[in-house]
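# Close look at the chain arrangement
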Amino acid sequence: MNLHTTPEYAKEDNLLDIEPQAFSKQSHQFWTVQITGWLGYFLVVFIAIIRPQFDDPNFDLTRQLINLFAETFSGFCLSYIQWQLIQRVVHLPLNKMLILSFFSSAMLGLLYNVIKLSCYKVIVYQQHWNEAWDMLEFGGWLLFSLSTMFVWTSIFFIMLYNHKLQKEHAQLLRAQTLATDAQLQMLRYQLNPHFMFNTMNAISTLIYKHENDKANEMLDKLCEFFRYSLDFKAKSKTALRKELDLLELYLSIEKVRFGDRLKVVMDIADDAMHCQVPNMLLQPLVENAIKYAIEPRKEGGEITIKAYCNTERLNVQVIDNGQGIQQSKQKGFGIGISNTKARLDAMFNGNYEITLLTQPDEGVSVDISMPIEK
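Along each chain, the written sequence defines residue order, and numbers are assigned to residues from 1. The predicted nature of this model means local features are confined to residues of pLDDT at least 70 and side-chain atom pairs, given and counted, to a pLDDT of 80 or more, with totals for whole chains, interfaces and linings taken over all residues. Here the side-chain values reflect all heavy atoms present in the structure, with hydrogen atoms and water set aside.

## Some points on the nonpolar core
Val286, Ile290, Ile303, Ile368 and Met370 are the most contacted members of the largest nonpolar core, which has 47 residues in total. Tallying contributions element by element places helix α8 (residues 240–258) first for this core, with 10 residues. The set of buried Ala, Val, Leu, Ile, Met, Phe, Trp, Tyr and Cys residues whose side-chain atoms join them within 4.5 Å is what this entry labels a nonpolar core. Classification of residues uses two cut-offs on accessible area relative to the type maximum, computed with a 1.4 Å probe and protein chains only: under 20% is buried, over 50% is exposed, and between them is partly exposed. What counts as a helix is a DSSP run of H or I of at least four residues, what counts as a strand is a run of E of at least two, and both are numbered from the N terminus.

## A look at the packing of helix α4 (residues 61–89) against helix α5 (residues 94–124)
Lines fitted to the C-alpha atoms define the axes, with helices restricted to the stretch that makes contact. Angles between their N-to-C directions range from 0 to 180 degrees. At a minimum axis separation of 9 Å, α4 and α5 run at an interaxial angle of 165°. As far as their axial angle goes, α5 and α4 are roughly antiparallel. In this structure, the crossing between α4 and α5 has a hand that is right-handed. Just so you know the grouping, Ala, Val, Leu, Ile, Met, Phe, Trp, Tyr, Cys and Pro go in nonpolar, Asp, Glu, Lys and Arg go in charged, and all remaining residues, Gly too, go in polar. Grouping the amino acids of the contact of α4 with α5 by side-chain chemistry returns 17 nonpolar, 8 polar and 3 charged. Any angle from 65 to 115 degrees is called roughly perpendicular, while one under 35 is roughly parallel, one over 145 is roughly antiparallel, and all others are oblique. In this scheme the handedness of a crossing depends on how the near helix is turned from the far one: anticlockwise by less than a right angle means left-handed, clockwise means right-handed.

## Considerations on helix α3 (residues 27–50)
Relative to the 34 Å expected for 24 residues at 1.5 Å per residue, α3 spans 33 Å between its end C-alpha atoms, a close match to the ideal helical length. When we look at burial in α3, the residues that qualify are Phe30, Gln34, Trp38, Tyr41, Val45 and Ile50. The span you would expect from a helix comes to 1.5 Å times its residue count less one.

## So, the packing of aromatic side chains
Two aromatic rings, drawn from Phe, Tyr or Trp (for Trp, its six-membered ring), form a pair once their centres lie within 6.5 Å of each other, and the interplanar angle then sorts them: stacked below 30 degrees, edge-to-face above 60, tilted otherwise. Tallied over the entire structure, the rule returns 18 aromatic pairs. Look at Phe102 and Phe157: their rings are 6.1 Å apart centre to centre, the planes differ by 20°, and that puts the pair in the stacked class. Linking Phe102 in helix α5 with Phe157 in helix α6 (residues 135–208), this pair joins segments that are 55 residues apart in sequence. By way of ring pairs, the aromatic residues Phe30, Trp31, Trp38, Tyr41, Phe76, Tyr80, Trp83, Tyr112, Phe144, Trp152 and Phe156 are connected into one cluster.

## Looking at the environment of Ala269
Position of Ala269 among the secondary structure elements: in the loop between β2 (262–268) and β3 (276–278). By relative accessible area, which is 23% here, Ala269 ends up partly exposed. Contact definition: two residues touch when any of their heavy atoms are within 4.5 Å. With residues up to four places along the chain from it excluded, the contact list for Ala269 reads Ala307 and Tyr308.

## Concerning a nonpolar patch on the surface
Patch rule: a residue counts if its relative accessible area is over 30% and it has no salt bridge; like charges are joined within 9 Å, and nonpolar side chains (Val, Leu, Ile, Met, Phe, Trp, Tyr) within 5 Å. Residue burial considers only the protein chains on display, and all accessible areas are found by Shrake-Rupley using a 1.4 Å probe. In the sections that follow, a salt bridge refers to a side-chain nitrogen of Lys or Arg positioned within 4 Å of a carboxyl oxygen of Asp or Glu. A cluster of nonpolar residues, Trp31, Ile35, Leu39, Tyr80, Ile81 and Leu85, forms a patch on the protein surface that exposes about 510 Å² of accessible area. Counting residues per element, the ones that place at least two in the nonpolar patch are α3 and α4. Note on placement: Leu39 falls in helix α3. Exposure remark for Leu39: the relative accessible area of 53% places this residue in the exposed category.

Structure (structure tokens):
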């Protein structure tokens, strides 16, 4: 039997589970609540109890104010002691923590009642602190004193629960961010093997045709592409400007294969350059366009890439002038689209639109609309 498991069970039973440094982080909040609360107590007692006695001929305002100050200050000190006690029991199991906290609150409330009544006797009536006490008077004051300490104890627990909720919320946001980044990285890594297979296959074809210079140039470009992409492998998103730089490297590889058959037109608005997009958003779409619009045609074709901002949205288009997508090829074309959709959904949580327009002999247009994020 492991005798050291008991603290773990105790920790699991404590719903607060507040770490020690949490109290130092809450120091500013505590003193703000403490000072504001007791100033409010002073004003409420003055308005509700002292102010109505102004017409009494035996009323002494100075003594009443001194007594109220002593009462408020003593309560301030006792609530501070209660906060210190809570810090020492908050790591206990929940039932023990609550019992000890409210027991100490009751004891401090009882002590507060004795202090208040004693100050009232000494300052207002100028009697001995324990002179002419009776249980009816003591009991009448006790209920309010206990309620005051119980209220402060409840406020302290609310502060602790609020801290715990904020901490859990921050942890949840971090977990969601990490999960999103991991999903984006996974989807991006799905693209690299697919792209590498196509490129290596093209290099193999060039070598088979004895076009060694082109094969060597293509291999150099491929190394440069992966070296560039590795610099950004830890990032799930990037500025459109950097995404276009990466696309230029990819296109330089494909231009080795296709030469003048591959024409690319860039129409990018200046205000779109700094917008954030998922890493490698454009490469699979352009790769699809090359596969279905450029490769099958001896005369090649043209790919147009547009990006512009419109009413808080970034719009990106990849357009080719090929023959469109035949029904038998739609499944293959959809690999890049489905991956793009998944990455956009992970980054923007569904707040995006992607439209695929195709007509026979008129080419394909992929239109993407997403929130502007700079």
